[in-house]
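# A closer look at the structure
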Amino acid sequence: MITPQWIRGVRRALLAAGATAALTAGLLTATATSSQAATQGPCDIYAAGNTPCVAAHSTTRALYGAYNGPLYQVRRASDNTTKNIVPLTAGGVADAAAQDSFCAATSCVITVIYDQSPKGNHLTQAPGGGAAGGPDNLANAVEAPVTVGGHKAYGVYVAPGTGYRDNTTNGIATGDQPEGMYAIFNGKHFNGGCCFDYGNAETNNLDTGNGHMEALYFGDNKGWGWGSGNGPWVMADLENGLFSGANRGFNANDPSVDNRFLTAMLKGGANQWALRGGDARSGGLSTFYNGTRPTATGYNPMHKEGAIILGIGGDNSKWAQGTFYEGVMTSGYPSDATENAVQANITAAGYDGGSTGTGSLTPGSRISLQATTSPCCTSHYLRHNDADTKVVISSINSASSATDKADATWIVRAGLADTSCLSFESVDKPGQFLRHYNYQLNLNFDDGGSAFAKDATFCPTPGNSGVGTSFQSSNFPTKYLRHYNYTAYIASNGGTNTWDSTTSWAQDTSWLTAAPWN
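Given the structure is predicted, the values throughout are model-derived calculations rather than measurements.

### A closer look at the overall build of the protein chain
Looking only at helices and strands, the protein chain features 6 helices and 38 strands. Its C-alpha atoms give the protein chain a radius of gyration of 23 Å, near enough to 24 Å, the size a compact globule of 518 residues would have. For the protein chain, the spread of C-alpha atoms along the principal axes amounts to about 70 × 50 × 45 Å. When the 518 residues of the protein chain are sorted by exposure, 58% land in the buried category.

### Topic: the state of the cysteines
Scanning all chains against the criterion turns up 5 disulfides. Two residues, cysteine 376 and cysteine 377, share a disulfide whose sulfurs are 2.0 Å apart. Judged by the torsion about the S-S bond (-100 degrees), the cysteine 376/cysteine 377 disulfide is left-handed. A relative accessible area of 2% places cysteine 377 in the buried class. Between the sulfur atoms of cysteine 421 and its disulfide partner cysteine 459 the distance amounts to 2.0 Å. Torsion about the S-S bond of the cysteine 421 and cysteine 459 cystine: about 85 degrees, corresponding to right-handed handedness. Within this pair, whereas cysteine 421 is found in the loop between β30 (410-414) and β31 (422-426), its partner cysteine 459 is found in strand β34 (residues 458-462), the two being separated by 38 residues in sequence.

### Observations concerning the side chain of serine 470
Mapped onto the elements of the fold, serine 470 is located in strand β35 (residues 469-473). Of note is the side chain of serine 470, whose polar atom sits 2.9 Å from the backbone nitrogen of asparagine 464. Filtering out sequence-adjacent residues up to four positions away, serine 470 remains in contact with Cys459, Pro460, Thr461, Pro462, Gly463, Asn464, Tyr480, Thr509 and Ser510.

### Things to note about unusual backbone geometry
Geometrically, the link from glycine 231 to proline 232 is a cis peptide bond, its omega value of 5 degrees lying close to zero. With an omega dihedral of 5 degrees, the bond running from asparagine 300 to proline 301 counts as a cis peptide bond. Looking at where proline 301 falls in the secondary structure, it is placed in the loop between β22 (286-291) and β23 (307-310). With a phi close to 65 degrees, asparagine 50 is a non-glycine residue in the positive phi region. Topologically, asparagine 50 is positioned in the loop between α1 (42-48) and β4 (53-58). On the basis of relative accessibility, which here comes to 67%, the residue asparagine 50 falls in the exposed class. Of note, the phi angle at serine 504 is positive, near 60 degrees, even though the residue is not glycine. Here serine 504 lies in the loop between β37 (487-491) and α6 (505-508). Given the relative accessible area of 35%, serine 504 is considered partly exposed.

### Let's talk about helix α3 (residues 336-349)
Along its 14 residues, α3 runs 20 Å from first to last C-alpha, staying within 8% of the 20 Å computed at 1.5 Å per residue. Of all 14 residues in α3, 12 are buried, a share of seventy percent or more. Along α3, the residues that are buried comprise Ala337, Thr338, Glu339, Ala341, Val342, Gln343, Ala344, Asn345, Ile346, Thr347, Ala348 and Ala349. Glycine 350 sits one or two residues past α3 and shows a positive phi near 85 degrees.

### Points about the pairing of strand β20 (residues 262-269)
The buried fraction of β20 amounts to 8 of the 8 residues, a majority that puts the element mostly inside the structure. Judged by which residues are buried, β20 turns out to be covered on both faces: Leu262, Ala264, Leu266 and Gly268 on one side and Thr263, Met265, Lys267 and Gly269 on the other are all buried. Sheet analysis places strand β13 (residues 179-185) next to β20, joined by 7 bridges and oriented antiparallel. Opposite alanine 183, over in β20, you have alanine 264 as the bridge partner. Pairing analysis gives 8 bridges linking β20 to strand β21 (residues 272-279), with the strands arranged antiparallel. When the sheet's bridge partners are listed, glycine 268 is paired in β21 with tryptophan 273. What sits between β20 and β21 in their antiparallel hairpin is a turn of 2 residues, with asparagine 271 showing a positive phi close to 50 degrees.

### Side note on the nonpolar core
In summary, soluble globular proteins display a tendency toward joint burial of nonpolar side chains. With 85 residues, the main nonpolar core has Val74, Ile110, Val156, Tyr164, Tyr182, Tyr198 and Val234 as its most contacted residues. If one sorts the elements of this core by residue count, β13 sits on top with 5 residues. Within the second largest apolar cluster, 20 residues are counted, among which are Leu369, Ile393, Leu434 and Ala488.

### Some thoughts on the pairing of β4
For β4, the buried fraction is high: 6 of the 6 residues fall into the buried class. In terms of strand pairing, β4 meets strand β24 (residues 322-331) through 5 bridges, oriented antiparallel. Bridging from a neighbouring strand, cysteine 53 pairs with threonine 330 of β24.

### Some details on the packing of aromatic side chains
What the rule picks out here adds up to 17 aromatic pairs. Summarising the aromatic geometry, the rings of tryptophan 273 and tyrosine 289 are spaced 4.7 Å apart at their centres and angled 40 degrees between planes, so their arrangement reads as tilted. Separated by 16 residues along the polypeptide, tryptophan 273 in strand β21 and tyrosine 289 in strand β22 bring together distant segments of the chain. Accessibility expressed as a relative area gives 0% for tryptophan 273, which makes it buried. The interplanar angle of 90 degrees and the centroid separation of 5.5 Å between the aromatic rings of phenylalanine 424 and phenylalanine 471 together place this pair among those described as edge-to-face. Here phenylalanine 471 lies in strand β35 and phenylalanine 424 lies in strand β31, a separation of 47 residues in the sequence. The pair formed by phenylalanine 424 and phenylalanine 471 is uniform in burial state, with each residue classed as buried. Members of the aromatic cluster, joined through ring pairs, are Phe185, Phe190, Phe196 and Phe218.

### Things to note about the sheet that holds strand β25 (residues 351-352)
Read from one edge of the open sheet, 3 strands run β10-β9-β25, paired in antiparallel fashion. Of all strands in the sheet, those with a lone pairing partner are β10 (151-154) and β25, marking the two edges. For strand β9 (residues 145-148) and β25, the ladder comprises 2 bridges, and the chain directions are antiparallel. The residue of β25 that forms the bridge with valine 148 is tyrosine 351.

Criteria and thresholds
Residues numbered from 1 in each chain as written. Predicted model: local features only at pLDDT ≥ 70, side-chain atom pairs only at ≥ 80, totals over all residues. Heavy atoms only, no water. Helix = DSSP H or I, 4+ residues; strand = E, 2+ residues; numbered from the N terminus. Rg over C-alpha atoms; globule rule 2.2 N^0.38 Å. Buried < 20%, exposed > 50% of the residue type's maximum accessible area, 1.4 Å probe, protein only. Disulfide = S-S within 2.5 Å. Polar contact = N/O pair within 3.5 Å; in protein donor to acceptor, adjacent residues only side chain to side chain. Contact = heavy atoms within 4.5 Å. Expected span 1.5 Å × (residues − 1). Pairing = 2+ DSSP bridges. Core = buried A, V, L, I, M, F, W, Y, C linked by side-chain atoms within 4.5 Å. Phe/Tyr/Trp six-rings, centres within 6.5 Å; stacked < 30°, edge-to-face > 60°.

Listed below in structure tokens is the structure:
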């Protein structure tokens, strides 16, 4: 395994996006823009604050200004070979084009997320644990595309059952030693399962008791603790408890947060800890909790063990979902000023949703799919329902509501099971994809299995009616995306199902790629 390069010295801190951070003594100034690599990264800022990174994980960008080693490794299904993905330039954004070329016409998974710090704490496939067997699934490498500073990159899409871990770490806090951490998550991709975590956990994959973990959690689980509103919340997973404040249960100061790109921060020391968060695209940090350790037994002092987890709980609880873009862990308790400077660096990086064009069947483009069947349906578009997960067609026009227009808009993605084909992500429900189940079309989050990837992959062909484009099911190649009685299916031209009717089949399976309604 490759030990990534890193940089120790820090000469300048951060003056980014026109905002000046007030920093502690020893932090000077540097510049960053959303269109080029920062002169330094988050880990340079932590080092200048005397709380250096001891783990630095990202599939989207380098987290040190001079880092040019591997960010992550992918493995393709066609021949099981692997490739390391590096930054375009030192300190820059990941070379997504190298991944796209390597994974062309097949599928890829992320096998290693390299530690950019000198500690070598790389994340690999999590083994089984006390809560669930293993090994866990690996993330589909194309499922979370974004842009960073205008350059394409990929995050880590964690479906239920997906998890990464390192049980033999170097330099991670143990016992009651102080540490800090942050992560950038997709604030729209979550559930109530246990537990979408990043941070410090047990080294034996078991629940070894209260206070044996200190990890960031994101989701709307209310089994142990929760905050105001309906969630999701940033909380601390301290083992046998998700804490939003000093007490178990409800803590009003921990708000519901669902920014498309969310900065989440946690730090803990001797009888103190804090939760902070903010929009990873703009603005500063809010403090959700800052005070003493939880009053419940076992959390003061802490008993941290020093493993690192991503996407799972300490005992391999693996029923949660979420998306991770970058995160670090530090030695020592970072100051608020240092964290504020890190947030300024994050917002200057220029995270965006990865939709780069409109009206074409090119990955990254926003489109709407217009039915061609005449006379019934030429004003109808493929859209998802709001009351359930079904996919239907309905009339959409300029007077339609904003909700209806968004429901009828899709982001074209490289096919989850075959990158030479396509998948379709909902524009208003990020992370949810058009997929067939029992031949009917639905909008769902990935469940982590290979069947979902195939169900959500469609190969474009010339329109069966001679007009537009038809979309062939990846795993049922005789069936095409069809509307029938205003509901969407995959259907063959004749068959045992009602929706396989030969009447109007060619028109019903032919679609116009239209400009997006949203």
